[in-house]
Amino acid sequence: SRYFTLRDYPKGTPSRELFELRSLELPGLDDGEVRIRNTWLSVDPYMRGRMSGVKTYVAPFELDAPLEGAAIGEVIESRHAHFKAGDKVRHMAGWRDIAQLKGDVLEPLPDMQIPEQAFLGVLGMPGMTAWTGLNRIANLREGDNVLVSAASGAVGSLAVQLAKARGGTVVGIAGAADKLEWLEQHDIRAVSYKGKDARQLSADLKEACPEGFDVYYENVGGDCLEAALNNLKVGARIAICGFISSYNEEAPAQGPSNLANLLVQRARMQGFIIFDHWTEYPHFLEEVGPRVAQGEIDYEETIEEGLECTPDAFLKLFEGANRGKMLVRL
Ligand code: NDP
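Residues numbered from 1 in each chain as written. Predicted model: local features only at pLDDT ≥ 70, side-chain atom pairs only at ≥ 80, totals over all residues.

The name an unreviewed UniProt entry assigns to the protein is NADP-dependent oxidoreductase, from the organism Billgrantia bachuensis.

Okay, here's the thing in structure tokens:
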């Protein structure tokens with residue numbers, strides 16, 4: 001098996017040299033174990049938090065041990081009653097080509113006539129996060145005006161489409177021109193944050209949706225949050241999903257200067273961690289799966305080729321080099 005380890009906990013933006021590719025001869029299977037050839041690896045922003053060496057809501061990655069993350073693969077050998085060679089499974093032993101695990105931690109892939117890697121993106125953890133943030137945290141209602149930051153990413157691109165289907169005005173904040181174009185093609189009003197301070201961004205959001213927003217789906221933090229707080233309707237709900245703009249910051253991020261707008265607009269802001277909501281995953285799949293299968297929901301993927309590229313794919317998330325879900329194909 002070839003796998004990546006972390007040599008040290010990074011300060012600021014991680015450098016490529018911190019990731020080390022190693023190899024190991026796997027022992028024969030024990031009773032109950034399964035060997036899997038990974039076909040797709042997921043890289044996700046939350047992994048940066050696991051590289052800080054501090055326990056947050058998950059334990060930090062251990063130095064010099066195989067890194068972890070969501071992956072999809074094919075069973076090549078099994079000593080577990082529920083799995084046989086050829087089965088497609090999802091598990092958390094990513095960042096490597098061959099995984100050897102207890103069968104009990106494997107999830108069989110649902111049979112939905114959808115490309116398997118979708119279960120790492122639009123129908124996996126990021127998709128589930130978009131659905132939960134809108135429906136369970138922000139209590140999305142028919143006709144709500146919704147603002148989403150990092151709107152063309154794995155989470156954001158589903159959030160804007162789910163919100164759009166509820167009939168209100170949907171505005172997406174994104175970086176690059178091709179991302180803004182993708183949003184416009186889906187009837188989402190697109191606003192770039194590049195080269196703007198919170199005041200300018202706030203003015204542009206006002207122009208995109210003069211009535212203001214009932215819901216803000218937050219993926220970025222910093223100036224995006226400040227600008228959003230200037231454009232809330234009375235009774236707005238803010239789902240705090242992530243603050244990617246600060247994950248590589250060495251000093252704690254400064255809070256927005258206009259938090260008082262929560263009071264003025266009688267708004268509510270709530271953070272959430274998707275793992276607390278995982279029991280609802282079957283419900284999400286039942287609702288969103290068929291819409292993906294029928295092509296009603298569009299999902300983009302940015303694919304890097306080969307295990308060696310995994311750290312690069314991960315680092316590109318912080319440069320905005322992905323549209324939709326960032327994946328590594330093995
Ligand atoms: P994305 O696919 O959205 O990829 C990250 C995107 O973030 C980039 O493409 C880039 O888009 C944008 N970005 C990166 N750095 C900055 C920056 N400094 N300022 C503004 N935008 C930036 O990732 P995911 O969809 O997987 O994750 C989106 C958010 O959701 C993250 O904050 C993540 O931590 C969070 N999350 C939270 C979960 C939870 O349980 N609460 C679960 C899953 C994800 P652009 O070109 O537009 O800048």
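Let's shift gears to the packing of helix α2 (residues 125-137) against helix α3 (residues 154-164). Closest axis-to-axis distance for the α2/α3 pair is 8 Å, and the angle between their directions is 45°. Judged on the interaxial angle alone, α3 and α2 are oblique. Judged by the twist between their axes, the crossing of α2 over α3 is right-handed. Seen from α2, the contacting residues are P126, G127, T129, A130, W131, G133 and L134; seen from α3, they are A154, V155, L158, A159, L162 and A163. Of the residues in the contact of α2 with α3, the class split is 10 nonpolar, 3 polar and no charged. (Axes fitted to C-alpha atoms, helices over the stretch in contact; angles between N-to-C directions. Helix = DSSP H or I, 4+ residues; strand = E, 2+ residues; numbered from the N terminus. Parallel < 35°, antiparallel > 145°, perpendicular 65-115°, else oblique. Left-handed = near helix turned anticlockwise from the far one by under 90°. Contact = placed C-beta atoms within 7 Å. Nonpolar A, V, L, I, M, F, W, Y, C, P; charged D, E, K, R; others polar.)

A few words now on the UniProt feature "domain: Enoyl reductase (ER)" (unreviewed entry) in the protein. As annotated in UniProt, the feature "domain: Enoyl reductase (ER)" (unreviewed entry) corresponds to residues 12-328 in the numbering used here. For residues 12-328, the end-to-end C-alpha separation is 24 Å, with 26% helix and 23% strand making up the annotated structure. (UniProt positions renumbered as here; feature names shortened; annotations may be inferred.)

Turning our eyes to something else, we now look at the site of the ligand. Close contacts around the ligand come from 29 residues, with G153, G175, G242, I274 and G320 the closest. Taken together, the elements giving at least two residues each to the shell around the ligand come down to α2 and α3. For the shell around the ligand, the element with the highest residue contribution is α3, accounting for 3 residues. Grouping the amino acids of the shell around the ligand by side-chain chemistry returns 17 nonpolar, 10 polar and 2 charged. Per-domain counts for the shell around the ligand show at least three residues from each of domain 1 (2-121 + 300-329) and domain 2 (125-275). (Near = placed C-beta within 6 Å. Domains from an automatic or database assignment.)

Another aspect to go through is the domain arrangement of the protein. Looking at the assigned domains, one finds that the protein contains domain 1 (2-121 + 300-329) and domain 2 (125-275). Between domain 1 and domain 2, the C-alpha centre-to-centre distance is 29 Å. With 16 residues of domain 1 at the contact, the number on the domain 2 side is 18 residues. Across the side of domain 1 that touches domain 2, the residue classes tally to 4 nonpolar, 7 polar and 5 charged.

If you want to describe how two helices pack, look at the angle between their axes and the distance between the axes. Interhelical geometry of α2 versus helix α8 (residues 281-293) gives an angle of 90° and a closest axis separation of 10 Å. Accordingly, the angle class assigned to the pair α2 and α8 is roughly perpendicular. Across the interface between the two elements, G127, M128 and W131 from α2 touch Y281, F284 and V288 from α8.

Here we come to the confidence of the model for the protein. Residues at a pLDDT of 70 or more form 100% of the protein, whose mean pLDDT is 97. Overall fold confidence for the complex sits at a pTM of 0.98, while the interface term, ipTM, reaches 0.99. (pLDDT = per-residue confidence, 0-100.)

What follows concerns unusual backbone geometry. We note that Q113 has phi near 55°; this positive angle belongs to a residue other than glycine. Tracing the backbone through its elements, the reader meets Q113 in the loop between β7 (107-108) and α2. The exposure class of Q113 is exposed, given the 10 C-beta atoms found within 10 Å. The backbone phi angle of A150 is positive, close to 45°, even though this residue is not glycine. Positionally, A150 belongs in the loop between β8 (146-148) and α3. Judged by local crowding, A150 falls into the buried class, with 28 C-beta atoms found within 10 Å. (Buried ≥ 20, exposed ≤ 12 C-beta atoms within 10 Å, placed from the backbone.)

The next thing to look at is the nonpolar core. Grouped together as the largest cluster of nonpolar side chains are 89 residues, with contacts concentrated most on L134, L147, A159, A163 and Y217. When residues of this core are assigned to domains, at least three fall in each of domain 1 (2-121 + 300-329) and domain 2 (125-275). (Core = buried A, V, L, I, M, F, W, Y, C linked by C-beta atoms within 7 Å.)

A few words now on helix α5 (residues 198-208). Every α-helix carries 3.6 residues per turn, so stepping three or four residues along brings you back to the same face. Listing the buried residues of α5 in full gives A198, L201, S202, L205 and A208. Relative to the axis of α5, the buried residues are bounded by an arc of 120° and lie together on one face. Seen from the buried face of α5, the exposed residues on the opposite side, beyond 90 degrees, are R199 and E207. Of the surrounding elements, those touching the buried residues of α5 are β8, β9 (170-174), β10 (189-192) and α6 (223-229). (Arc of directions from axis to C-beta.)

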